[in-house]
Amino acid sequence: MKQDTRAPNSPQLPPSFAEPVADYLDYLRLQRGRSENTLRAYEVDLRTLGTFLHSAHQVSTPSQVDVEMLREWLASLHEAQISRTTIARRISSVKNFFAWALKHQLIDVDPALRLVAPKKERRLPHVLQPGQIDRLLAQTAADAGVQGSGDAAGELSPQQLAVHARDRVIAELLYASGLRIGELVSLDVKNLDFGRRTLKVVGKGNKERVVPFGNPAQRVLTSWLLTHRAVLVDEEKAQGALLVGVRGGRLNVRQAREVISQALKSLGDTAASGPHALRHTVATHLLDGGADLRAVQEFLGHASLATTQLYTHVSVDRLRQSYRQAHPRA
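Residues numbered from 1 in each chain as written. Predicted model: local features only at pLDDT ≥ 70, side-chain atom pairs only at ≥ 80, totals over all residues. Heavy atoms only, no water.

> Quick question: what am I supposed to make of the sheet that holds strand β2 (residues 198–202) here?
Two orientations exist for strands paired in a sheet by backbone hydrogen bonds: parallel and antiparallel. The strand order across the open sheet built from 3 strands is β1-β2-β3, with neighbouring strands paired in antiparallel fashion. Lying at the two open borders of the sheet, with one neighbouring strand each, are β1 (192–193) and β3 (208–212). Across 2 bridges, β1 lies against β2 in antiparallel orientation. Counted as the bridge partner of Leu 192 is Leu 199 from β2. (Pairing = 2+ DSSP bridges. Helix = DSSP H or I, 4+ residues; strand = E, 2+ residues; numbered from the N terminus.)

As structure tokens, then:
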């Protein structure tokens, strides 16, 4: 029996269209090793397309689709004011699906071959200034209601203190190591090497890399592991997880993201939001400090150097702003 991969609230498809989509998702999962998040995105994109085609043209199978139908679908996305980034992703999903369908002889002609994606909007990421990072790392947004390091330790329960310590680890490690939030919550205690001050990280595509961290991160990690983790952890549930929640199991991405989102919001003077802002920030600060671009690429686990080069634009923009403010003939 085929596994139901349908994302919640995703549009319904005619069975003769839904089955090839399900087969394609199985191919991505089993042969290409795509993550569940990627599979959900592909699945929603293809169901959205299939539903549009069935409604507008009574299309029930991929073999009935032609390029004019796809262009009409693309126009409908523009009319709905879908962002260019989302449209580009949906086109990529559709092109990959039809290329697979042609290879597996489900269609005779690839209707998406000449479909052109719009250029993505180039948005420079928001980054934090060093002073803002200092303030962020000095505060906490603990779920248990801890208000900050100014509270007297005697007024907090051991569980609240443990949550406070864990949230400091989250913030310190994200900035120290530039990890993606999913990489952070996937860390196990065994991934830490305190002698070398490094982390073994499994990133996108199950690629391993070794990432260094500094003395401040080592101090909060040591405090967490020696004193506070034991207050929260249920080892049977956690299975060696570095970061755990109040129920004892591995902390999930949503919980960790909320910690950083609340901490950034409480700063009050930055447009940066979410844990990826710390990844943007550490990359920019490394380049500002003279780090080699390829070293930063390896540090972040980027497959392409072009992705890392985005941060050089951030640094140049900051330099230009400083120049305008400080140079007498700017």
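There is more to say after this.
> Looking at this structure, how should I read unusual backbone geometry?
You will see that Gln 105, though not glycine, has its phi angle at about 60 degrees, which is positive. Structurally, the position occupied by Gln 105 is in the loop between α4 (84–103) and α5 (130–137). Residue classification places Gln 105 among the exposed positions, given a relative accessible area of 71%. At Arg 197, a residue that is not glycine, the phi angle is positive and equals roughly 55 degrees. Structurally, the position occupied by Arg 197 is in the loop between β1 and β2. Residue class for Arg 197 comes out partly exposed when judged on its relative accessible area of 29%. (Buried < 20%, exposed > 50% of the residue type's maximum accessible area, 1.4 Å probe, protein only.)

> Got a minute to help me understand the pattern of salt bridges in this structure?
Enumeration over the complete set of coordinates arrives at 14 salt bridges. Salt-bridge contacts for Glu 43 lead to Arg 47; the nearest nitrogen and oxygen are separated by 2.3 Å. On the criterion of helical spacing, the pair formed by Glu 43 and Arg 47 is a turn pair, its members being 4 residues apart in helix α2 (residues 36–57). The pair formed by Glu 43 and Arg 47 is uniform in burial state, with each residue classed as buried. Salt-bridge contacts for Arg 71 lead to Glu 68; the nearest nitrogen and oxygen are separated by 3.0 Å. In this pair, Arg 71 and Glu 68 are both assigned in helix α3 (residues 67–79), 3 residues apart and thus about one turn of the helix distant. A single network of salt bridges, built from pairs that share partners, joins Asp 26, Arg 29 and Glu 36. (Salt bridge = Lys/Arg side-chain N within 4 Å of Asp/Glu carboxyl O.)

> So what exactly am I meant to see when it comes to the nonpolar core here?
A general tendency of soluble globular proteins is for nonpolar side chains to be buried together. In this structure, Ile 170, Leu 173 and Leu 184 are the most contacted members of the largest nonpolar core, which totals 51 residues. Going through the elements one at a time, α5, α6 (158–177), α7 (181–185), β2, α8 (215–232), α10 (253–267), α11 (276–288) and α12 (293–300) are the ones with two or more residues in this core. The element that contributes the greatest number of residues to this core is α6, accounting for 8 residues. In this structure, Leu 184 is in contact with Ile 170, Leu 173, Leu 174, Leu 179 and Leu 243, ignoring residues within four places of it in sequence. Leu 70, Trp 73, Leu 77 and Ile 91 belong to the second largest nonpolar core, which has 30 residues in total. (Core = buried A, V, L, I, M, F, W, Y, C linked by side-chain atoms within 4.5 Å. Contact = heavy atoms within 4.5 Å.)

No statement about biological role is implied by the geometric values presented.
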